[in-house]
Amino acid sequence: MKQTAGRENLGELAPKFAELNDDVLFGEVWSREDKLSLRDRSMITISALMAQGLFPQLKSHFIMGKKHGITKEEAVEIVTQLAFYSGWPKAWSAFSLINEVYADDNNEGTHGGI
């Protein structure tokens, strides 16, 4: 899937940055699945963003990570591990993002199939 978030969000303001984001970062680096899987890249990116406290981007990457196969339990374990290296308050903030991103998972099977 071709990444267009850069152009959609910043294309008018910062067209070169948007191009680099979509074409180089996601088009070239993320697409090197023979080197690292998308799932592994998501885990690495989630770790880096949490360590820096970049929560708006972290939420986006939890969403991507979920699409790349990271389960809610794995996301919780990643944040638990990182709490000791990146900071306890950051972990608290990250857990609420996990709840948002995986909220639908909590409701599966609780409405009798509805």
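Anything mentioned here points back to the structure above.
Residues numbered from 1 in each chain as written. Predicted model: local features only at pLDDT ≥ 70, side-chain atom pairs only at ≥ 80, totals over all residues. Heavy atoms only, no water.

## As for the overall build of the protein chain
Here is the rule: Numbering of helices and strands runs from the N terminus, with a helix taken as a DSSP run of H or I at least four residues long and a strand as a DSSP run of E at least two residues long. Each residue gets one of three labels from its accessible area relative to the maximum for its type: buried under 20%, exposed over 50%, partly exposed in between, using a 1.4 Å probe on protein chains only.
Of regular secondary structure, the protein chain possesses seven helices and zero strands. Walking the protein chain from its N terminus toward its C terminus, one meets helices and strands in the order α-α-α-α-α-α-α. C-alpha extents for the protein chain along the principal axes are approximately 45 × 40 × 30 Å. For the protein chain, buried positions account for 27% of its 114 residues.

## Thoughts on the nonpolar core
Short version of the rule: By nonpolar core is meant a set of buried Ala, Val, Leu, Ile, Met, Phe, Trp, Tyr and Cys residues that side-chain atoms within 4.5 Å join together. Here, residues are in contact when the closest pair of their heavy atoms is within 4.5 Å.
Counting residues in hydrophobic clusters, the biggest one holds 17 residues, and the most contacted among them are Met50, Leu58, Phe62 and Val79. Not counting chain neighbours up to four residues away, the residues in contact with phenylalanine 62 comprise Ile46, Ala75, Val79, Ala94, Leu97, Ile98, Val101 and Tyr102.

## Considering helix α5 (residues 72–86)
Heads up, the rule is: In this scheme, a helix's expected span is set at 1.5 Å multiplied by one less than its residue total.
If you check α5, its first and last C-alpha atoms are 20 Å apart, about what 15 residues at 1.5 Å a residue would give, namely 21 Å. Of the residues one or two after α5, glycine 87 is the one with positive phi, at around 125°.

## Notes on helix α6 (residues 88–101)
Rules: Each direction from the helix axis to a C-beta atom contributes to the arc, which is the arc of those directions.
With 14 residues, α6 ought to run about 20 Å at 1.5 Å a step, and its terminal C-alpha atoms sit 20 Å apart, in line with that. By the burial criterion, the buried members of α6 are Ala91, Ala94, Leu97, Ile98 and Val101. One side of α6 carries all its buried residues, which in axial view fall inside an arc of 115°. In α6, the exposed residues that point more than 90 degrees away from the buried face are Pro89 and Trp92.

## Observations regarding the environment of isoleucine 98
Among the secondary structure elements, isoleucine 98 is positioned in helix α6. Along the sequence, isoleucine 98 and isoleucine 63 sit 35 residues apart, while their C-alpha atoms lie 8.9 Å from each other. Other than its neighbours up to four places away in sequence, isoleucine 98 contacts Phe62, Lys72, Ala75, Val76, Val79 and Ala103.

## So, the pattern of salt bridges
How we decide: Salt bridges are defined as contacts in which a side-chain nitrogen from Lys or Arg sits within 4 Å of a carboxyl oxygen from Asp or Glu.
With the rule as written, the count across this model stands at seven salt bridges. Residue lysine 66 pairs with aspartate 105 through a salt bridge whose shortest N-O separation is 3.3 Å. Of this pair, lysine 66 sits in helix α4 (residues 55–67) while aspartate 105 sits in helix α7 (residues 103–107); the two residues are 39 residues apart in sequence, bridging distant segments of the chain. Residue classification places lysine 66 among the partly exposed positions, given a relative accessible area of 28%. Salt bridges sharing partners connect three or more residues here, namely Arg7, Asp22 and Asp23.

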